[in-house]
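Residue-level structure breakdown
Chain by chain, the residues run as shown.
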Amino acid sequence: MSQTLIRQLKLIEHLSTPNHYHLRRPSAPRRTWKEPRTRDKGLKEFKQLPDTLFQRTYRVSRQVFYSLLDNIKPSLRVLGASGGKKGVPAELRLAMTLRWLAGGSYLDLCREYDIHSSLFFREDTGIIWPVLQSLDKVLGLTLDTSEENLENLAATFDRWTPHSEFKGTVLAFDGWVCRTRRPYESETTSVKSYMNRKGFYGVVCLAACDGNLKFHFWSTHPGSANDSWTWSVSELKTLLEEKKLPQRFHFIGDDAFVNEEQMMTPWSGRGLGIPKDAFNYFLSLQRQNIERAFSRLVTRWGIFWRPLQVSCDKWQLITRVAAKLHNVCIDAGLDKPPASSPDFHGEEGDEISVIENHNDFLDPDHKRHGGYQSSESRRLRITNQFEDKGLQRPLHAQCNSRA
């Protein structure tokens, strides 16, 4: 018998010996079960969150959270309490709603707090819609036209320009496009009316804020609407027409709006000359507040980082409540939202940007003649005062000059 055959036989005998378990395929590790998530455990962890992490997660401080809870709790019944089971408390429903507005996934929230996903979007007895409707009722967003309040609003703009000619600005207007999915034909009679000229579906939110970035006016329209039309049908436009705003106060907007005695807009076009260019510069210092307010709003509430996917009839409610909660944060001194990058996971389609509703489609005559004009008295008067004083755009801003 050859030596090779002998070695092979010995190897076979060696491998067949039951003592050599190390040569066998290792078995899978024994599965260990983690402690299941329960609603009580999720609520306990929620209450134990450090204050910094709490504000970063829910976008409001703990004090503001429980103040909101006290206001809406009377209108929220205990949800799902039947058959001896504990219901979903109002505290948990508010927390889930705020986290959802901040950009959280409803699936993750339902798993975290042991709630069936079908309950989250239920119309009248669900998690978020009753909470949003309650917040919409208890939180205000209107313009108080009393003399004292108008004086306070004007004072918030004074620090943005050193010249007395611009005193009296109480609100800055602009439009923001909130991206949405394509509406279903069963939801609206005109799907195309929600197509924005920038090439996506959305709703146009016409808003106005003060110098502290706090909103005092909010209206929502289909995405194809332009700022000029949304302003023409607004209640504040009616306020000006009925002469209910004292003459020493005025609003400001971009060149998409109609220039009036109490709605000042910039001079449009190029080759304006030094006085008109100076007017545009100092007006823009005040008008930037509404753009910054939109930026804070979108950065704070991550639900706007991607198109809204809920029912079409809920888009107006979501944007309006988000604006009201933005005001609550401003009043509480939480004017700077937390850094968005830790919560931004870069999913496909996500975009943290503010899409303004600029009217790029306007005809050349509109821009050549300085926008839609119905009255030049206030704007022209301030421009002439700038010319008499020899005011011009500062040197550091000459790169944007249209003189």
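The structure displayed is predicted, hence computed values, not measured ones. (Residues numbered from 1 in each chain as written. Predicted model: local features only at pLDDT ≥ 70, side-chain atom pairs only at ≥ 80, totals over all residues. Heavy atoms only, no water.)

What follows concerns the overall build of the protein chain. For the protein chain, the count of helices and strands is 14 helices and five strands. In the protein chain, of all internal contacts separated by at least 6 residues, the share reaching a separation of at least 24 is 69%. Here the protein chain has roughly 21000 Å² of accessible surface; of this, 50% comes from carbon and sulfur atoms. (Helix = DSSP H or I, 4+ residues; strand = E, 2+ residues; numbered from the N terminus. Contact = heavy atoms within 4.5 Å. Areas by Shrake-Rupley, 256 points an atom, 1.4 Å probe, with all protein chains shown as cover.)

A separate point is the sheet that holds strand β3 (residues 215-222). Reading across from one edge, β3-β2-β1-β4-β5 is the order of the five strands in this open sheet, with mixed pairing throughout. Unpaired on one side and paired on the other, β3 and β5 (263-264) mark the two borders of the sheet. The sheet contact formed by strand β2 (residues 202-209) and β3 spans seven bridges and is antiparallel. Across the sheet, the residue bridging to A208 is F217, located in β3. Contacts from helix α8 (residues 147-158) reach β1 (169-179), β2 and β3, with the element oriented near 75 degrees to β1. In the packing of helix α12 (residues 315-331) onto the sheet, contacts are made with β1, β2 and β3, and the angle to β3 comes to roughly 165 degrees. (Pairing = 2+ DSSP bridges. Axes fitted to C-alpha atoms, helices over the stretch in contact; angles between N-to-C directions.)

Further remarks concern the pairing of β2. Within β2, eight of the eight residues are buried, which leaves the element mostly enclosed by the surrounding structure. The alternating pattern of β2 places G202, V204, L206 and A208 on one face and V203, C205, A207 and C209 on the opposite face, and all of these are buried. Summarising the sheet, β1 and β2 pair through eight bridges and their orientation is antiparallel. Within β2, the position partnered with R179 by the bridge is G202. Hairpin connection of β2 to β3: five residues between the antiparallel strands, including L213 at a positive phi of 70 degrees. (Buried < 20%, exposed > 50% of the residue type's maximum accessible area, 1.4 Å probe, protein only.)

Let's shift gears to the pattern of salt bridges. Applying the stated criterion to the full structure yields 20 salt bridges. Put simply, R393 and D277 hold a salt bridge, and the shortest N to O gap is 2.9 Å. Of this pair, R393 sits in the segment after α14 (377-389) while D277 sits in helix α11 (residues 274-300), placing them 116 residues apart in sequence. Of the two residues examined, R393 and D277, each falls in the buried class. Because the salt bridges share partners, they merge into one network encompassing E123, D313 and K314. (Salt bridge = Lys/Arg side-chain N within 4 Å of Asp/Glu carboxyl O.)

Attention now moves to the packing of helix α4 (residues 62-72) against helix α7 (residues 128-138). Two elements in contact, α4 and α7, have axes separated by 10 Å at closest approach and are oriented at 90 degrees. Of the possible angle classes, the one that applies to α4 and α7 is roughly perpendicular. Taken together, the residues of α7 that come into contact with α4 (itself represented by L68, N71 and I72) are V131, S134, L135 and V138. Residues of the contact of α4 with α7, tallied by class, amount to five nonpolar, two polar and no charged. (Parallel < 35°, antiparallel > 145°, perpendicular 65-115°, else oblique. Nonpolar A, V, L, I, M, F, W, Y, C, P; charged D, E, K, R; others polar.)

Among the structural elements, K389 can be located in helix α14. Through-space distance from the C-alpha of K389 to that of P275 is 9.5 Å; in sequence the pair is 114 residues apart.

Here we take up the packing of helix α5 (residues 90-101) against α7. One way to put it is that α5 packs onto α7 with a least axis distance of 9 Å and a crossing angle of 85 degrees. With respect to α7, the axis of α5 lies roughly perpendicular. Here R93, L94, T97, W100 and L101 of α5 lie close against α7, whose contacting residues are I128, W129, P130, V131, L132 and L135. Here the residues of the contact of α5 with α7 sort into nine nonpolar, one polar and one charged.

Residues W100, F215, W218, W301 and F304 are the most contacted members of the largest nonpolar core, which totals 87 residues. At eleven residues, the largest contribution of residues to this core is made by α11. (Core = buried A, V, L, I, M, F, W, Y, C linked by side-chain atoms within 4.5 Å.)

Before going further, it helps to examine the side chain of S268. Locating S268 in the fold gives a position in the loop between β5 and α11. A polar side-chain atom of S268 sits 2.9 Å from a polar atom in the side chain of D255. (Polar contact = N/O pair within 3.5 Å; in protein donor to acceptor, adjacent residues only side chain to side chain.)

This part is about the confidence of the model for the protein chain. Residues with a pLDDT of 70 or more make up 80% of the protein chain, whose mean pLDDT is 84. Low pLDDT, under 50, characterises residues 339-346; the stretch is placed with twelve contacts to residues that sit more than four places away or in other chains. Note on residues 360-374: pLDDT under 50 across the span, and 30 contacts to partners over four residues away in sequence or across chains. (pLDDT = per-residue confidence, 0-100.)

In an α-helix there are 3.6 residues to a turn, and that puts residues three or four apart on one side. The terminal C-alpha atoms of α14 lie 18 Å apart, and with 13 residues this matches the ideal 18 Å at 1.5 Å per residue to within 8%. Where α14 is concerned, the buried positions are R378, R379, I382, T383 and F386. All buried residues of α14 fall inside an arc of 130 degrees around its axis, so they share one side. Elements that come into contact with the buried residues of α14 comprise β4 (250-252), β5 and α11. With its phi angle positive at about 75 degrees, G390 sits one or two positions after the end of α14. (Expected span 1.5 Å × (residues − 1). Arc of directions from axis to C-beta.)

Take the packing of aromatic side chains next. Describing an aromatic ring pair means giving the distance of the ring centres and the angle of the ring planes. Within this structure, the stated rule accounts for 31 aromatic pairs. Consider the rings of Y58 and F65, whose centres lie 6.5 Å apart with planes at 50 degrees: the pair is tilted. The exposure class of Y58 is buried, given its relative accessible area of 4%. Residue F65 is classed as buried on the basis of its relative accessible area, which comes to 0%. Among the aromatic residues, those joined into a ring-pair cluster are F46, F54, Y58, F65 and Y66. K314 extends its terminal NZ or CZ atom over the ring of W129, reaching a point 5.2 Å from the ring centre. (Phe/Tyr/Trp six-rings, centres within 6.5 Å; stacked < 30°, edge-to-face > 60°. Lys NZ or Arg CZ within 6 Å of the ring centre and 35° of its normal.)

This part is about unusual backbone geometry. Most peptide bonds take the trans configuration, and most residues that are not glycine carry a negative phi. Backbone geometry places L213, a non-glycine residue, at a positive phi of 70 degrees. The topology assignment puts L213 in the loop between β2 and β3. Positive phi values are uncommon outside glycine, yet K243 reaches one of about 60 degrees. As for its position among the elements, K243 is in the loop between α10 (235-241) and β4. K243 sits in the exposed class, given a relative accessible area of 62%.

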